[in-house]
Amino acid sequence: MQHAATHIPVLLKEVVEYLGIRPGMKILDATAGLGGHIKGMLEAAGGQAQVLGLDRDREALEEAGRRLAAYGDRVRLTRTRYSRFPAALAEAGWEKVDAALVDAGMSSLQLDDPERGFGFLTDGPLDMRMGAEDGGESAEGLVNLASFARLREIIRNYGEDPQAGRIARAIVAAREKAAITTTGRLAEVVAAAYPAKWRAMARQHPATRTFQALRMAVNDELRELEAFLKAIPEYLATGGRVAVISFHSLEDRLVKRAFRLEATDCLCPREQVVCVCGHKARLAILTKKPVMAGEEEVAANSRARSAKLRAAVRLPDAAQATGAGI
């Protein structure tokens with residue numbers, strides 16, 4: 001399959017470095033995709049590690065299984081949302097992991113297949129669901145049934161597009177004449193909603209942010225990431241590491257906030273003299289600033305340009321702490 005040949009995992013070298021990949025580890029790849037990061041991590045571990053890979057895209061997992069077949073039972077692939085990783089760990093008989101990874105980007109398979117409806121460079125059905133067989137609202141349903149206010153909110157909040165109101169109004173007007181069912185038609189409507197001056201100055205297609213916003217809404221991506229970040233410290237072994245690759249500011253801010261929260265001992269208001277919250281830091285941050293791809297990687301894989309990696313390490317629990325540093 002073409003996507004297997006062209007798939008390039010983003011920031012692979014940095015993932016291996018910041019997760020401290022070594023033989024004997026139990027590794028959770030919560031967004032397995034086509035298996036590129038899993039393969040790279042296993043190679044770094046000399047093939048001597050166990051990996052649990054999760055993804056809600058059945059087609060992606062099937063392709064990952066083919067690519068990773070040589071590793072046999074060292075790789076276990078499970079179709080599920082990554083927010084539900086605790087259940088997948090329990091099913092695998094794992095209590096803790098030594099490394100955990102989330103790559104919040106789209107897989108090559110999803111982006112390159114017009115039938116999935118994630119992009120607009122080639123016309124296709126307006127779907128955008130990562131796990132279509134699970135049902136749920138598609139982008140077509142959202143675009144044609146959501147109120148003006150909801151569409152404006154989605155495009156403004158998830159797409160961070162200053163033209164959100166104009167775009168939402170144009171979508172509502174267009175669907176009153178005929179349902180919007182394809183990616184090409186939606187892209188036309190959005191582009192026409194942009195003021196001519198904005199279109200002339202834009203560095204990307206006017207529909208880019210709207211498509212991003214709809215995809216995030218359809219797949220509930222921010223809440224998925226938030227749930228993972230809230231739960232993962234409990235499942236990291238002492239000294240275990242977590243890395244998250246994000247692709248836009250909303251995701252990166254979530255990761256930054258979550259890591260800071262878990263790296264802080266007391267969460268009480270500053271004016272409060274005595275701590276009553278009892279919160280203890282569970283993580284130490286390994287990346288003061290997000291790690292980004294170098295020029296060489298960006299030249300080889302343009303999708304790496306906006307990737308940002310943040311990582312943290314699990315501290316000993318208070319009962320285990322001995323005063324030694326990490």
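Here is a short report on the structure shown in this document. Quick caveat, the model's predicted, so the values are computed rather than measured. (Residues numbered from 1 in each chain as written. Predicted model: local features only at pLDDT ≥ 70, side-chain atom pairs only at ≥ 80, totals over all residues. Heavy atoms only, no water.)

## Considering unusual backbone geometry
Across residues other than glycine, the phi torsion is negative in most instances, and most of the peptide bonds are trans.
Then comes step 1: In this structure, Glu160 is a non-glycine residue whose phi angle is positive, near 50 degrees.
Then comes step 2: With respect to the helices and strands, the residue Glu160 is situated in the loop between α8 (148-159) and α9 (164-177).
Then comes step 3: In the Ramachandran plot, Asp220 falls in the positive-phi region, its phi being about 50 degrees despite a non-glycine side chain. (Helix = DSSP H or I, 4+ residues; strand = E, 2+ residues; numbered from the N terminus.)

## A look at the pattern of salt bridges
Then comes step 1: According to the stated counting rule, one finds 14 salt bridges in the structure shown.
Then comes step 2: Here Glu221 makes a salt bridge to Arg215, at a shortest N to O gap of 2.7 Å.
Then comes step 3: Ionic pairing is found between Glu262 and Arg282, a salt bridge with its closest N-O pair at 2.9 Å. Of this pair, Glu262 sits in helix α14 (residues 249-262) while Arg282 sits in the loop between α14 and β6 (283-285); the two residues are 20 residues apart in sequence, bridging distant segments of the chain.
Then comes step 4: Under the relative-accessibility criterion, Glu262 is labelled buried at 8%.
Then comes step 5: Salt bridges linked by common partners bring Glu234, Glu262 and Arg282 together as one network. (Salt bridge = Lys/Arg side-chain N within 4 Å of Asp/Glu carboxyl O. Buried < 20%, exposed > 50% of the residue type's maximum accessible area, 1.4 Å probe, protein only.)

## Brief notes about the pairing of strand β3 (residues 75-79)
Then comes step 1: Both strand β2 (residues 50-55) and β3 contribute to a ladder of five bridges, which runs parallel. Paired with Gly53 across the bridge in β3 is Leu77.
Then comes step 2: In this fold, the crossover linking β2 to β3 by way of helix α4 (residues 58-67) has right-handed handedness. (Pairing = 2+ DSSP bridges. Right-handed = clockwise from strand over helix to strand, strands pointing away.)

## Looking at the environment of Val10
Then comes step 1: Summarising the element assignment, Val10 is placed in the loop between α1 (2-6) and α2 (12-18).
Then comes step 2: For the pair formed by Val10 and Lys177, sequence separation is 167 residues and the distance between their alpha carbons is 42 Å.
Then comes step 3: With residues near it in sequence (within four places) discarded, Val10 still touches Val15, His37, Ile245, Phe247, Glu297, Asn301, Ala304 and Ala307. (Contact = heavy atoms within 4.5 Å.)

## Overview of the nonpolar core
Then comes step 1: Counting residues in hydrophobic clusters, the biggest one holds 32 residues, and the most contacted among them are Leu19, Ile21, Ile27, Ile245 and Leu309.
Then comes step 2: Put simply, the parts of the chain that give this core at least two residues each are α2, α3 (36-44), α4, β4 (97-103), β5 (236-246) and β8 (308-314).
Then comes step 3: Counting residues per element, this core draws most heavily on α3, at three residues.
Then comes step 4: In contact with Ile245, other than residues within four places in its own chain, are Val10, Leu11, Val15, His37, Leu101, Val102, Asp103, Ala104, Ala307, Lys308 and Leu309.
Then comes step 5: Within the second largest apolar cluster, 30 residues are counted, among which are Ile155, Ala164, Ile167 and Ala213. (Core = buried A, V, L, I, M, F, W, Y, C linked by side-chain atoms within 4.5 Å.)

## Structural notes on the packing of α9 against helix α10 (residues 183-193)
Then comes step 1: Running from N to C, α9 and α10 cross one another at 130 degrees; their axes reach a closest spacing of 9 Å. Taken together, α9 and α10 sit at an angle that is classed as oblique. For the pair α9 and α10, the crossing hand works out as right-handed. Along the contact surface, α9 presents Arg166, Ile167, Ala170, Ile171 and Ala174, while α10 presents Arg185, Leu186, Val189, Val190 and Ala193. (Axes fitted to C-alpha atoms, helices over the stretch in contact; angles between N-to-C directions. Parallel < 35°, antiparallel > 145°, perpendicular 65-115°, else oblique. Left-handed = near helix turned anticlockwise from the far one by under 90°.)

## As for the pairing of strand β1 (residues 26-29)
Then comes step 1: Relative to β2, β1 runs parallel, the two being bridged by four bridges. Within β2, the position partnered with Lys26 by the bridge is Gln50.
Then comes step 2: At this point the chain moves from β1, through α3, to the parallel β2, and the crossover so formed is right-handed.
Then comes step 3: In the sheet, β1 pairs with β4 via three bridges, with the strands oriented parallel. Opposite Leu28, over in β4, you have Ala100 as the bridge partner.

These figures capture arrangement, not role.
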